[in-house]
Amino acid sequence: MTIAVSVFQSPVGYFRLQATESGLQSLHLNYVPDDAENIESPSHPVLVMAHQQLQEYFAGSRKEFSVPLAMQGTEFQLADWQALQTIPYGSTVSYKAVAEQIGRPKAVRAVGMANNRNPIAIIVPCHRVVGANGSLVGYGGGLAMKQWLLAHEQKYR
């Protein structure tokens, strides 16, 4: 299995993307490319599609992603990440609501941990999950990035 890697420059920093022929495996936030790294357009079809859709998202014209995903995780994590993909653009839900959606209403903390391990940030929108009182709590890219992403989606809603 060949793994292709690319770097995407966004308004909130660089992302490192990794894909196989079956789909996108990861999108890591806050990536710091080194001088030797190629930041040009990728040639791998999944990465080309991911770059295009991310450009459209940041331009405000894409509200849903259709790039194929190849996430690997536990059964619980996969259920959580699937639920995250149903949160509408520009909306937020609580960790409790996600736990209830996947049929584990008492697993609020486990949902938080699964979100923390989300391998494909932004495309699998864990930034749309907030505390029960609406507060911004936890985000792999930092709370400033989470706030920026939510404000961006509100602007183009």
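What counts as what
Residues numbered from 1 in each chain as written. Predicted model: local features only at pLDDT ≥ 70, side-chain atom pairs only at ≥ 80, totals over all residues. Heavy atoms only, no water. pLDDT = per-residue confidence, 0-100. Helix = DSSP H or I, 4+ residues; strand = E, 2+ residues; numbered from the N terminus. Buried < 20%, exposed > 50% of the residue type's maximum accessible area, 1.4 Å probe, protein only. Arc of directions from axis to C-beta. Contact = heavy atoms within 4.5 Å. Domains from an automatic or database assignment. Buried area = accessible area lost by both parts, 1.4 Å probe. Salt bridge = Lys/Arg side-chain N within 4 Å of Asp/Glu carboxyl O. Polar contact = N/O pair within 3.5 Å; in protein donor to acceptor, adjacent residues only side chain to side chain. Nonpolar A, V, L, I, M, F, W, Y, C, P; charged D, E, K, R; others polar. UniProt positions renumbered as here; feature names shortened; annotations may be inferred. Axes fitted to C-alpha atoms, helices over the stretch in contact; angles between N-to-C directions. Parallel < 35°, antiparallel > 145°, perpendicular 65-115°, else oblique.

As a further point, take the confidence of the model for the protein. For the protein, per-residue confidence averages 94 on the pLDDT scale, and residues scoring 70 or more make up 98% of the total. No element of the protein has a lower mean pLDDT than strand E1 (residues 4–10), at 94, and none a higher one than helix H2 (residues 75–84), at 98.

Looking now at helix H4 (residues 108–116). All of the buried residues along H4 are Val 111, Ala 114 and Asn 115. On an axial view of H4, the arc spanned by its buried residues comes to 100°, and they lie on one face. Among the exposed residues of H4, those pointing more than 90 degrees away from its buried face are Arg 109 and Asn 116. Lining the buried residues of H4 we find H2, helix H3 (95–101) and strand E5 (129–130).

This part takes up the domain arrangement of the protein. Many analyses report the size of an interface as the accessible area lost when the parts associate. Parsing the protein into structural domains produces domain 1 (4–59) and domain 2 (75–156). Relative placement of domain 1 and domain 2: their C-alpha centres are 21 Å apart. Contacts between the two partners involve 13 residues from domain 1 and, on the opposite side, 16 residues from domain 2. Carbon and sulfur atoms supply 71% of the area buried between domain 1 and domain 2, which totals about 1200 Å² over both sides. A per-residue breakdown of the area domain 1 buries against domain 2 is headed by Val 12, Leu 29 and Tyr 57, which together make up 46% of the total. Counting the contacts that link domain 1 with domain 2 gives zero salt bridges. Counting every contact that joins domain 1 to domain 2 gives four residue pairs in polar contact (both at pLDDT 80 or more). Among the residues forming the side of domain 1 that touches domain 2, the class breakdown is ten nonpolar, three polar and no charged.

At Asn 30, a residue that is not glycine, the phi angle is positive and equals roughly 55°. Inspection of the secondary structure puts Asn 30 in strand E3 (residues 23–31). Asn 30 sits in the partly exposed class, given a relative accessible area of 44%. Backbone geometry places Ile 122, a non-glycine residue, at a positive phi of 70°. With respect to the helices and strands, Ile 122 occurs in the loop between H4 and E5.

UniProt records the feature "active site" (unreviewed entry) for Cys 126 in the present numbering. Looking at where Cys 126 falls in the secondary structure, it is placed in the loop between H4 and E5. A residue is classified by how much of its surface remains accessible, and Cys 126, at 9% relative accessible area, is buried.

On to the packing of helix H1 (residues 45–59) against helix H5 (residues 143–156). Remark: H1 packs on H5, axes separated minimally by 9 Å, with the N-to-C direction vectors making an angle of 75°. The pairing of H1 with H5 is recorded here as roughly perpendicular in orientation. Only Trp 148, Leu 149, His 152, Glu 153 and Tyr 156 of H5 make contact with H1, whose side of the interface consists of Tyr 57, Phe 58 and Ala 59. Here the residues of the contact of H1 with H5 are counted per class, giving six nonpolar, one polar and one charged.

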